[in-house]
Amino acid sequence: MLIAVLIFSVIVAGAMADLFGKYFIAYRNYILSFSVSIVLTLICVHIIPEIFSYHNPHLGYYLLAGFLLQIVLELLSKGIEHGHVHFHGKVSNSQMGVIFIGLCIHAIIEGMPMFTLEHEHHHLHEHKHVAFTWVYFTAILIHKLPIAVVLMFFLTNIGSSSIKKYALLILFSITTPFGAVFGEEIMHMDLFSNWAPRLLALTTGMLLHITTLLIFEDHHHSNDKYRNVIIIILGIGIGVLLF
């Protein structure tokens, strides 16, 4: 069910961006600030406590490794994960392919912890009858929807055909579900049987890099900083109330 929701939501977000692009562009920065604030709140309030509830002093290294891994991936993706592409001049098919591959690697990795912790979560979600899988799924979903929008803007701006745009959108929509299934499968291997919290720490580091960079970047480049602060606070408030 979660996989179907994720695939469907990403495709719908991308299609809406293609059909109503001018409306999305006008409010792009506010949408990004709002969504990122929710994701950052879920990370701080739920996901990080879940990681360190394992009392494993080495998990901090995986958190840091995820932060650094995202920096490396952005050498390929040119930063499309955080709302825009750092690329100047005409984009060739090979360059577009490298950007898309970097984005897909990011999406696959962030999907890997999704189904690995449900049977062994430690953070106190039980009192609210919420499995940790739902918390992580919500963070990933809110994170991916703006990326789908930006991906469609990028493909439109470089002159991709409609068939190519929607083919790549559909392919992107299945990357995180693929990562979730792959992550669950490798948990059955002896070598990775205890890697669930490590994968979570790794992907959380990646998300921390994106969310903190986006909040600071969008705020400092915003023409209306007061409105941007209000949107960030609103996003944080909704993130706190979600679970």
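In this report, we go over the structure that sits alongside the text. All values derive from a computational prediction rather than experimental measurement. Along each chain, residues carry numbers from 1 onward, in the same order as the chain's sequence is written. Restriction of local features to residues with pLDDT of at least 70 applies here, the model being predicted, together with a cutoff of 80 or more for giving and counting side-chain atom pairs; totals for whole chains, interfaces and linings are based on all residues. To get the side-chain values, all heavy atoms of the structure are used, and hydrogens and water are removed first.

Turning our attention to the overall build of the protein chain. Helical segments are the DSSP runs of H or I of at least four residues, strand segments are the runs of E of at least two, and each set is numbered from the N terminus. Scanning the protein chain from terminus to terminus reveals nine helices and zero strands. The helix and strand sequence of the protein chain, counted from the amino end, reads α-α-α-α-α-α-α-α-α. Residue contacts are counted whenever heavy atoms from the two residues lie within 4.5 Å of one another. In the protein chain, the share of contacts with a sequence separation of at least 24, taken over all contacts with a separation of at least 6, comes to 82%. Surface summary for the protein chain: the accessible area is close to 11900 Å², and the carbon and sulfur share equals 71%. Note on areas: Shrake-Rupley, 1.4 Å probe, and residue coverage restricted to the protein chains presented here.

Two rings belonging to Phe, Tyr or Trp (six-membered ring only in the last case) form a pair when the distance between their centres is within 6.5 Å. Interplanar angles under 30 degrees mark stacking, angles over 60 mark edge-to-face geometry, and anything in between is tilted. Counted according to the given criterion, the structure contains four aromatic pairs. Each ring, one from Tyr 62 and one from Trp 195, has its centre 5.7 Å from the other, and the planes form 80 degrees; the classification is edge-to-face. Residue Tyr 62 is found in helix α4 (residues 59-77), and its partner Trp 195 is found in the loop between α7 (162-186) and α8 (196-221); the two are separated by 133 residues along the sequence. Charge-over-ring placement is defined geometrically: NZ (Lys) or CZ (Arg) within 6 Å of the ring centre, and within 35 degrees of the ring normal. Across the ring face of Phe 172, the terminal group of Lys 144 is positioned such that the distance to the ring centre comes to 3.8 Å.

Right, let's talk about the pattern of salt bridges for a bit. Oppositely charged side chains can pair when the atoms bearing their charge come close. For salt bridges, the criterion is a side-chain nitrogen of Lys or Arg within 4 Å of an Asp or Glu carboxyl oxygen. Across all of its chains, the model carries one salt bridge by this definition. For Lys 165, the salt bridge is made with Asp 18, and the minimal N-O distance between the two is 2.9 Å. Of the two residues, Lys 165 sits in helix α7 while Asp 18 sits in helix α1 (residues 2-19), which places them 147 residues apart along the sequence. Any residue under 20% of the maximum accessible area for its type is buried, any over 50% is exposed, and the rest in between are partly exposed; the area is computed with a 1.4 Å probe on protein chains only. Overall, the relative accessible area of 24% leaves Asp 18 in the partly exposed class.

Now for unusual backbone geometry. Of note in this structure, His 55 is not a glycine but carries a positive phi near 55 degrees. Turning to its location among the elements, His 55 is positioned in the loop between α3 (28-52) and α4. Of the residues examined, His 55 reaches a relative accessible area of 70% and is grouped as exposed.

Moving on, we come to the side chain of Thr 176. Within the secondary structure, Thr 176 sits in helix α7. By relative accessible area, Thr 176 is classed as buried at 0%. When neighbours within four sequence positions are excluded, Thr 176 is seen to be in contact with Leu 6, Ala 107, Glu 110, Gly 111, Met 114, Ile 140 and Lys 144.

Turning next to the packing of α3 against helix α6 (residues 132-157). Taken N-terminus to C-terminus, the directions of α3 and α6 make an angle of 155 degrees; their axes are 9 Å apart at the nearest point. Put simply, α3 runs roughly antiparallel to α6. Taken as a pair, α3 and α6 cross one another with a handedness that is left-handed. Contacts from Leu 32, Ser 35, Ile 38, Val 39, Leu 42, His 46, Ile 47 and Glu 50 of α3 reach α6 at Phe 132, Val 135, Tyr 136, Thr 138, Ala 139, Ile 142, His 143 and Pro 146. Classification used: nonpolar for Ala, Val, Leu, Ile, Met, Phe, Trp, Tyr, Cys and Pro, charged for Asp, Glu, Lys and Arg, polar for all others including Gly. Looking at the contact of α3 with α6, its residues break down into eleven nonpolar, four polar and one charged. Note on definitions: angles span 0 to 180 degrees between N-to-C directions of axes, and those axes are lines fitted to C-alpha atoms, for helices only across the stretch in contact. Any angle between 65 and 115 degrees counts as roughly perpendicular, while under 35 counts as roughly parallel, over 145 as roughly antiparallel, and the rest as oblique. We call a crossing left-handed when the near helix sits turned anticlockwise from the far one by less than a right angle, and right-handed when that turn is clockwise.

Its location among the elements puts Gln 95 in helix α5 (residues 93-111). A sequence separation of 18 residues divides Gln 95 from Ser 77, and the C-alpha atoms of the two residues are 9.5 Å apart.

Bringing the packing of α1 against α7 into the picture now. Between α1 and α7, the least distance of the axes is 9 Å, while the angle of their chain directions is 155 degrees. The angle between α1 and α7 falls in the class roughly antiparallel. The two elements α1 and α7 cross, and the hand of that crossing is right-handed. Contacts between α1 and α7 involve Ile 3, Leu 6, Ile 7, Val 10, Ile 11, Gly 14, Ala 15 and Asp 18 from the former and Lys 165, Tyr 166, Leu 169, Ile 170, Phe 172, Ser 173, Ile 174, Thr 176, Pro 177 and Val 181 from the latter. Counted by class, the contact of α1 with α7 contains 13 nonpolar, three polar and two charged residues.

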